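Architecture and fold: a report
Each chain, written out:
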Amino acid sequence: MGSAKEIQQYLKRFSELDAKRFAVVKVGGAVLRDELQDLASSLTFLQQVGLTPIVLHGAGPQLDEELSVAGIEKQTVNGLRVTSPKALGIVRRVFQQQNLKLVEALQAMDTRATSVASGVFMASYLDRDTLGMVGKVESINLAPIEAGLRANSIPVIASLGESDEGQILNINADVAANELVRVLQPYKIVFLTGTGGLLDGEGKVIDSINLSTEYEHLMAQPWINGGMRLKIEQIADLLSDLPLTSSVSITRPSELAKELFTHKGSGTLVRRGERVLRFESWEGVDQARMRELIESSFGRTLVPDYFARTAPYRIYVSENYRAAMILTMEEGLPYLDKFAVLDDAQGEGLGRAVWQVMREENPQLFWRSRHNNQINIFYYAESDGCLKQPKWKVFWYGLDGSFDTIARCVAHCAGRQPTLVD
C-alpha cells in the first residue's frame, strides 16, 4: 500500500486526534448495494489500527426500487425527493434495512459497529407544501455518536431526521453529512463512490484540488458539467467552515486505506489549501521560516551562508511556509535548487499546488534528485526525461532535447556544491 514510514506518519497524525474528529465517511446507497464487502473490509481495517470513523449512509437506489414497487412515482424538486406520508413509511423501512445491512456486515468481520437509525438529526419541515415529509436539520444530537465512540464502536448513521414532536422526516444524505461535518469539524471527510473520485474531461481521476490556487481555473473548464460543478461548489462551501487542516477525499471503498495512509492516495483530495506567494529575490522572504522549512523537510542542516551565496531566480512558497520551491538560473536555464514540503503537509496536495504554480511560469526546468528520494515517482511523471548518474538522477522538462543542452545540465548537476550537511 505504501512505505511503513508513510503509514506510521499518517497513523500517528490520526491517532493524536480526538475520536470524533478523525473522519466522517459518507456512503451512498449504490456503494451499499454494489461494494458492501469492500466497504466493510476497509472500515474493519481502520478499527484494527485503532481508528473509529463515523459513517453516514444514504439509500437512494434502494428507495427508488421500493417506491416503484409500491407504485409511487419518483418526484424531485431542486434535487430533493418529494416524500408523501405513504412514501415516508417506505423511506423509514428502507433506511433501517440498509443501516442494519452495513452493521451486520461489519459485525460478521468481528468489527464493533452501532446502528444509529435515528435520533441524531433534529429537524423541522423544509417546505411541507412542496416537499412533504422532508426535513431541514435544525440541530445535531451527538449523544448516540459519542456513546458508540466511547465503546470503540463505529457509529453507522442513517440520514433520518426527527421533529420536536417525534415525527420522522426524510433528509438528503449529502445535506445530512454536511451538517454533521460542520458540527464535528473532522480532520477527514470521505465520500465513497463507484467512480473513485472526481473525473476530468478525459475521464481520469483528478488526484488533488487546492481550492486557493485552482478553484477559478477548474470551474472555467468546459468539461465541468452541472452535477460536478455543484459538487465542487458544495465541497468548497463546506471546507470554508472547517479548519485549514481539514480535507475532503472522494474515493472507492476498496481504496479507502490507500487514500488515508499514503502520500499518493487513491482518489481526489480537496483542500482549501494555501495561497502561493511568489518572489524574485530574498527580499520579502522570511528567511528564518524558509530555513526551518528546508531543514525540516530534508532532515539535514542548511549551510549557514545559503541565502548569501544563492541568487534566486524565482521563489514560490505557500503562505504558511509549509511548502516551497527555489529556482536559480544556471546554464541559461531555470534550475530547481530546493523543493521542500513539511511532513505534516505530505499528502495534502500542497506541494503539487506549488509545483503547478511554478510550472505555469516556467516552461523549461532541470533539477537533480538522489536515487532513493521518495518523490522521484512524482518527478518521473512531471519530467520529459531523466539521466541516471552515479550519485544523482538528473530530470528536465521543456528542453529542446539536444545532446549539448542536456549534457550541460548534467555537468552542472554533477559539479554543484552541496548546500545541506548531515
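Cut-offs used in this document
Residues numbered from 1 in each chain as written. Predicted model: local features only at pLDDT ≥ 70, side-chain atom pairs only at ≥ 80, totals over all residues. Heavy atoms only, no water. 1 Å grid on protein atoms, 1.4 Å probe; cavity = no way out; pocket = protein on both sides within 12 Å on 5 of 7 lines; lining within 4 Å. Points joined across faces, edges and corners; volume = space filled by probe spheres on them. Helix = DSSP H or I, 4+ residues; strand = E, 2+ residues; numbered from the N terminus. Nonpolar A, V, L, I, M, F, W, Y, C, P; charged D, E, K, R; others polar. Buried < 20%, exposed > 50% of the residue type's maximum accessible area, 1.4 Å probe, protein only. Pairing = 2+ DSSP bridges. Right-handed = clockwise from strand over helix to strand, strands pointing away. Axes fitted to C-alpha atoms, helices over the stretch in contact; angles between N-to-C directions. Parallel < 35°, antiparallel > 145°, perpendicular 65-115°, else oblique. Left-handed = near helix turned anticlockwise from the far one by under 90°. Contact = heavy atoms within 4.5 Å.

In this section: the layout of surface pockets. Roughly 1000 Å³ of volume is contained in the second largest pocket. Forming the walls of the second largest pocket are 40 residues, and the residues nearest its centre are Lys-26, Gly-79, Asn-172, Ala-173 and Asp-174. Taken together, the elements giving at least two residues each to the lining of the second largest pocket come down to β1 (23–27), α2 (29–34), α4 (60–69), β4 (80–81), α8 (173–184), β11 (188–192) and α10 (226–239). Sort the elements by how many residues they give to the lining of the second largest pocket and α8 lands first, with 6 residues. Its residues assigned to classes, the lining of the second largest pocket comprises 16 nonpolar, 15 polar and 9 charged.

Moving on to the pairing of strand β20 (residues 365–370). Most of β20 sits inside the fold, with 5 of its 6 residues counted as buried. In the sheet, strand β19 (residues 333–341) pairs with β20 via 2 bridges, with the strands oriented parallel. In the strand pairing of β20, Leu-336 is matched with Trp-367. With respect to chirality, the unit in which β19 leads through helix α14 (residues 350–361) into the neighbouring parallel β20 is right-handed. Note that β20 and strand β22 (residues 392–397) share 6 bridges and pair antiparallel. Note that in β22 the partner of Arg-368 across the bridge is Val-394.

Let us now look at the packing of α4 against helix α5 (residues 85–107). At a minimum axis separation of 10 Å, α4 and α5 run at an interaxial angle of 135°. Our classification of the angle between α4 and α5 gives oblique. As for the relative orientation of α4 and α5, their crossing is right-handed in sense. From α4, Gln-62, Leu-63, Glu-66 and Leu-67 reach across to α5, where they touch Ala-87, Ile-90, Val-91, Arg-93, Val-94, Phe-95 and Gln-98. Of the residues belonging to the contact of α4 with α5, the class tally is 7 nonpolar, 2 polar and 2 charged.

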